[in-house]
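So you can see what is in the structure, the chains are spelled out below.
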Amino acid sequence: MNGDLDVDMSRGDHFNPSFYLGRLKDDEFESRSLSDDDSFDAMSGDENKQEQRPKRKKKKRTRYHRHTSYQIQELESFFKVCPHPNEKQRLELGKKLTLEGKQIKFWFQNRRTQMKTQLERHENVILRQENEKLRLENSFLKESMRGSLCIDCGGAVIPGEVSFEQHQLRIENTKLKDELDRICALANRFIGGSISLEQPLNGGIGSEHLPIGNGFSGGTSLMFMDLAMEAMNELLKLAELENPLWRSKSEKESIVRPACTRETGLVLINSVALVDALMDTNKWAEMFECFVAVASTVEVISNGSDGSRNGSLQLMQAEFQVMSPLVPIRQKKFLRYCKQHGDGLWAVVDVSYDINRENENLKSYGGSKRFPSGCIIQNIDNGCSKVTWIEHSEYGESHIHSLYQPLLGSSVGLGATKWLATLQRQCESFTNLLSSQDHTGLSLTGTKSILKLAQRMKVNFYSGITASSVHKWEKLNAENVGQDTRILTRKSLEPSGIVLSAATSLWLPVTQQRLFEFLCDGKCRNQWDILSNGASMETTLLVPKGQHEGSCVSLLRAAGKDQNESSMLILQETWNDASGAMVVYAPVDIPSMNVVMSGGDSVYVALLPSGFSIFPDGSSSLSDQIDTNGGLVNQESKGCLLTVGFQILVNSLPTAKLNVESVETVNNLIACTIHKIRAALRIPA
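As recorded in an unreviewed UniProt entry, the protein chain goes by Homeobox-leucine zipper protein HDG7 isoform X2 and comes from Camelina sativa. In its Sequence similarities (unreviewed entry) section, UniProt records this for the protein chain: "Belongs to the HD-ZIP homeobox family. Class IV subfamily." Looking at the protein chain in UniProt, the text filed under Subcellular location (unreviewed entry) is "Nucleus".

Here it is as structure tokens:
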């Protein structure tokens, strides 16, 4: 967008202002050369040229061309990918946009010059702020020295010239003293004694003198701080590496697999707001709800300093899930540490705190171990941030189905692409919330109410697939059910009774994009959905949740029927991006939805969600699947992984017992749906 600093960071490259400034100087010289030629002709004494000047002026005036919004959008999109197009690329762009090659060339020169101006202006602001800060500190030091007395004579001290090095040392000493004060206060909190600045920290804190609380000794908190700072240093090093973070498998027979991934992109949120969301357990779990099943803070070790999150350290626990009954939930405890590294530059790092115990878990039951992982956040213009996400872990494959082992070894399973794409989607959703009522006709309260209902629908669906602790599910061992299908049961208050959940996963030889488009096509709905009763579906309400096509919450009803003929609607949420795709839906009655769309409370709306989760199968290279904007592109892939899940109310009495017919009903429902999808897509069984 013209006037904004727009830099492509989705490929994981580090932004280097000096590189752009260097290239922009060449453009400036080129533009200057063109204007110099014109000036030379204008200043010549040739009378014939003087007479021809009006013609040249008229001809020059015809060169002005106001680009259309479409042309500007296409030029901006190409500029993100390549700010310095060659002659061939300029000709192709000109042919596509019906512009001359010179027009394309001059537009890119002007755009790069504009970027250079913005960068210089930004640097000037920072330098002025630093200069003012140093001036104030210098004045404060001089003022403090005026009241000083000489120790020997008791007379006033006459301040002399303070060198720049001495000034910097004093500032650094003040910062170190503040840091030491915080460490001493932290140690006093856990030890119950008193540690002063003069008392050495090493050797004076023995574990035999420390009280025990929450399963940890008081001195463990200091160990946590050391571990967190080491993890932060490693995270910063991983972010600076130019080579890929993938590590090859040393032994094919090994049951422990490494997974180290990195992804960079732009996110529609400023750094302070994002840091606050990451350090707030509830906000963090809600933001990444599709794979963070539940999370809590075990202990807040440090709240930070100066009223900010800088230096905040806490011990957390969470359940990480992949949308398939074939992948067990990962339960983890880890430290999360936040630190500010500059103006608008933050880093948040997670690290497992008990490496020895997790090493045993890896060998015994296929657990996982999380090395320093997290994100580095840099503020840029317009409330956006450049985020570099790094995930580094090891996991045991012994309890993971072979279908999902390639996915979990990639960046999409629980890797950096999954985290960053989800973050981008959620921030886009929040941004669109304020403008969605312009497209839907609903009030802001009504839009929030329907989105809240859709969120509850998704969480219920997720828990039925992965058996997380969000709901208390009981596993049901039933005959005549495939080994890749899991049957769960729970008592429900709304709707009241016994709910049966069934889920299975399989591989299909179609791309994620193709399968998603088929499942979202209302005209094809009757080919697989028994709730459609053989009719196609039409959209009565659509609330967009992002820039990617298909990312929305919608209300569907049978085509060709008015409100009097049918009292049932289908609430559905869908999304599709680099992290995978999801289609979740549930039948709802019209009176309840009228209350919700009017801004009423949605908590009393009964939901029995069903749906599909789609992942790429991990067989193709990740770089071939994701474009510069984080979306999917056409690529050759062997197929995708599909998870199908249904929830049905088998009895309205919470005390009732399940029978064989109920299990057979939900099992047949899954089998029938899969068969219909295969038939519609012409996939042999």
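Right, picking up where we left off after that structure.
Take the overall build of the protein chain next. Helix and strand counts for the protein chain come out as 16 helices and 19 strands. The contacts in the protein chain between residues at least 6 apart in sequence include a share of 65% that link residues at least 24 apart. A total accessible area of about 36300 Å² is found for the protein chain, and carbon and sulfur atoms account for 51% of it.

Moving on to the nonpolar core. Ranked by size, the top nonpolar core spans 72 residues in total, and within it W284 and F288 carry the most contacts. A per-element tally of this core places helix α13 (residues 444-466) first, with eight residues. For F288, the residues in contact, after removing those within four places along its chain, are L278, W389, W419, T422 and L423.

Considering all chains together, one arrives at seven cavities of 30 Å³ or more under this definition. Approximately 180 Å³ is the volume attributed to the largest cavity. Among the elements of the structure, β3 (256-267), β6 (330-342), β8 (368-370) and β10 (385-396) are those that each provide at least two residues to the lining of the largest cavity. With three residues, β8 is the single largest residue contributor to the lining of the largest cavity. Of the residues assigned to the lining of the largest cavity, the class counts are five nonpolar, five polar and five charged.

Its place among the elements puts N576 in strand β16 (residues 568-577). Side chain to side chain, N576 and Q513 meet in a polar contact 2.8 Å long.

Turning our eyes to something else, we now look at the pattern of salt bridges. Per the stated rule, a full pass over the model turns up 14 salt bridges. As a salt-bridge pair, E76 and R111 come within 3.1 Å of each other at their nearest N and O atoms. With E76 in helix α3 (residues 69-81) and R111 in helix α5 (residues 101-146), this residue pair connects regions lying 35 residues apart in the sequence. In terms of burial, E76 and R111 fall into one category: buried. One network of salt bridges, in which partners are shared, links E289, K458, K545 and E573.

The next subject is the packing of α3 against helix α4 (residues 87-97). For the pair α3 and α4, interaxial distance at closest approach is 11 Å and the crossing angle is 155°. One finds that α3 runs roughly antiparallel with respect to α4. When you trace α3 past α4, the crossing you get is right-handed. Residue-level inspection shows Y70, Q71, E74, L75 and F78 of α3 in contact with α4, the latter providing Q89, L93, K96 and L97.

Bringing α4 into the picture now. Since the α-helix packs 3.6 residues into each turn, any two residues three or four apart lie on the same face. Residues R90, L93, G94 and L97 constitute the buried set of α4. Buried residues of α4 fall within an arc of 100° about the axis and therefore sit on the same side. Exposed and facing more than 90 degrees away from the buried side of α4 are K88, L91 and K95. The residue sitting at the N-terminus of α4 and contributing the capping side-chain oxygen is N86; that oxygen lies 3.2 Å from the backbone nitrogen of K88. With its phi angle positive at about 55°, T98 sits one or two positions after the end of α4.

Moving on, we get to the packing of aromatic side chains. Counted under the stated rule, the structure contains 17 aromatic pairs. With 6.1 Å between their ring centres and 40° between their planes, F79 and F108 make a pair best called tilted. In this pair, F79 is assigned in helix α3 and F108 in helix α5, connecting sequence segments 29 residues apart. As far as burial versus exposure is concerned, F79 and F108 are alike and both buried. Here the aromatic residues W284, F288, F291, F320, F334, W389 and W419 are joined through ring pairs into a cluster of three or more.

What follows covers the confidence of the model for the protein chain. Residues at a pLDDT of 70 or more form 73% of the protein chain, whose mean pLDDT is 77. pLDDT under 50 marks residues 1-62. Its contacts with residues more than four places away, or in other chains, come to 83 contacts. Segment residues 197-217 is flagged for pLDDT under 50; beyond a separation of four residues in sequence, or across chains, it makes 25 contacts in the model.

Between two packed helices, the angle of one axis relative to the other and the distance separating the axes together describe the packing. Running from amino to carboxyl end, α13 crosses helix α15 (residues 590-597) at an angle of 130°, the nearest separation of the two axes being 7 Å. The orientation of α13 relative to α15 falls into the category oblique. Seen from α13, the contacting residues are G446, S449, I450 and L453; seen from α15, they are M593, V596 and M597. Residue classes in the contact of α13 with α15 are distributed as five nonpolar, two polar and no charged.

Here we take up the sheet that holds β16. What links the strands of a sheet is backbone hydrogen bonding, and the strands pair in either a parallel or an antiparallel sense. Judged by pairing direction, the sheet is antiparallel, and its nine strands sit side by side in the order β11-β12-β13-β19-β18-β17-β16-β15-β14 without closing on themselves. Edge positions in the sheet fall to β11 (474-476) and β14 (537-544), since each of these pairs with one other strand and no more. Along the sheet, successive strands turn relative to each other by an average axial angle of 20°, direction set aside. Here 11 bridges tie strand β13 (residues 496-508) to strand β19 (residues 640-651), and the two strands are oriented antiparallel to one another. Across the sheet, the residue bridging to I498 is N651, located in β19.

Further remarks concern the state of the cysteines. Under the definition given, this model contains zero disulfides. Considering cysteine sulfurs only, C338 is the nearest to C375, which forms no disulfide, with 8.8 Å between them. According to the relative accessible area criterion, C375 is buried, its value standing at 1%.

Moving on: the pairing of β16. In terms of burial, β16 is largely enclosed, as nine of its 10 residues are buried. In this sheet, β16 lies alongside strand β15 (residues 552-558) in antiparallel orientation, the contact comprising five bridges. Within β16, the residue paired with V553 across the bridge is E573. Where β16 meets strand β17 (residues 580-589), 10 bridges bridge the pair, whose relative direction is antiparallel. Bridge assignment links Q572 to a residue of β17, and that residue is Y585. The antiparallel hairpin formed by β16 and β17 contains two residues in its connecting segment.

The subject of this paragraph is the environment of K452. On the secondary structure map, K452 appears in helix α13. The class of K452 is exposed, set by a relative accessible area of 53%. When the C-alpha atoms of K452 and S602 are compared, they prove to be 7.4 Å apart, with 150 residues separating the residues in sequence.

A positive phi angle, close to 55°, is found at T98, a residue other than glycine. With respect to the helices and strands, T98 occurs in the loop between α4 and α5. The exposure class of T98 is exposed, given its relative accessible area of 67%. Despite not being glycine, R682 shows a phi value in the positive range, around 60°.

Conventions used here
- Residues numbered from 1 in each chain as written.
- Predicted model: local features only at pLDDT ≥ 70, side-chain atom pairs only at ≥ 80, totals over all residues.
- Heavy atoms only, no water.
- UniProt positions renumbered as here; feature names shortened; annotations may be inferred.
- Helix = DSSP H or I, 4+ residues; strand = E, 2+ residues; numbered from the N terminus.
- Contact = heavy atoms within 4.5 Å.
- Areas by Shrake-Rupley, 256 points an atom, 1.4 Å probe, with all protein chains shown as cover.
- Core = buried A, V, L, I, M, F, W, Y, C linked by side-chain atoms within 4.5 Å.
- Buried < 20%, exposed > 50% of the residue type's maximum accessible area, 1.4 Å probe, protein only.
- 1 Å grid on protein atoms, 1.4 Å probe; cavity = no way out; pocket = protein on both sides within 12 Å on 5 of 7 lines; lining within 4 Å.
- Points joined across faces, edges and corners; volume = space filled by probe spheres on them.
- Nonpolar A, V, L, I, M, F, W, Y, C, P; charged D, E, K, R; others polar.
- Polar contact = N/O pair within 3.5 Å; in protein donor to acceptor, adjacent residues only side chain to side chain.
- Salt bridge = Lys/Arg side-chain N within 4 Å of Asp/Glu carboxyl O.
- Axes fitted to C-alpha atoms, helices over the stretch in contact; angles between N-to-C directions.
- Parallel < 35°, antiparallel > 145°, perpendicular 65-115°, else oblique.
- Left-handed = near helix turned anticlockwise from the far one by under 90°.
- Arc of directions from axis to C-beta.
- Phe/Tyr/Trp six-rings, centres within 6.5 Å; stacked < 30°, edge-to-face > 60°.
- pLDDT = per-residue confidence, 0-100.
- Pairing = 2+ DSSP bridges.
- Disulfide = S-S within 2.5 Å.

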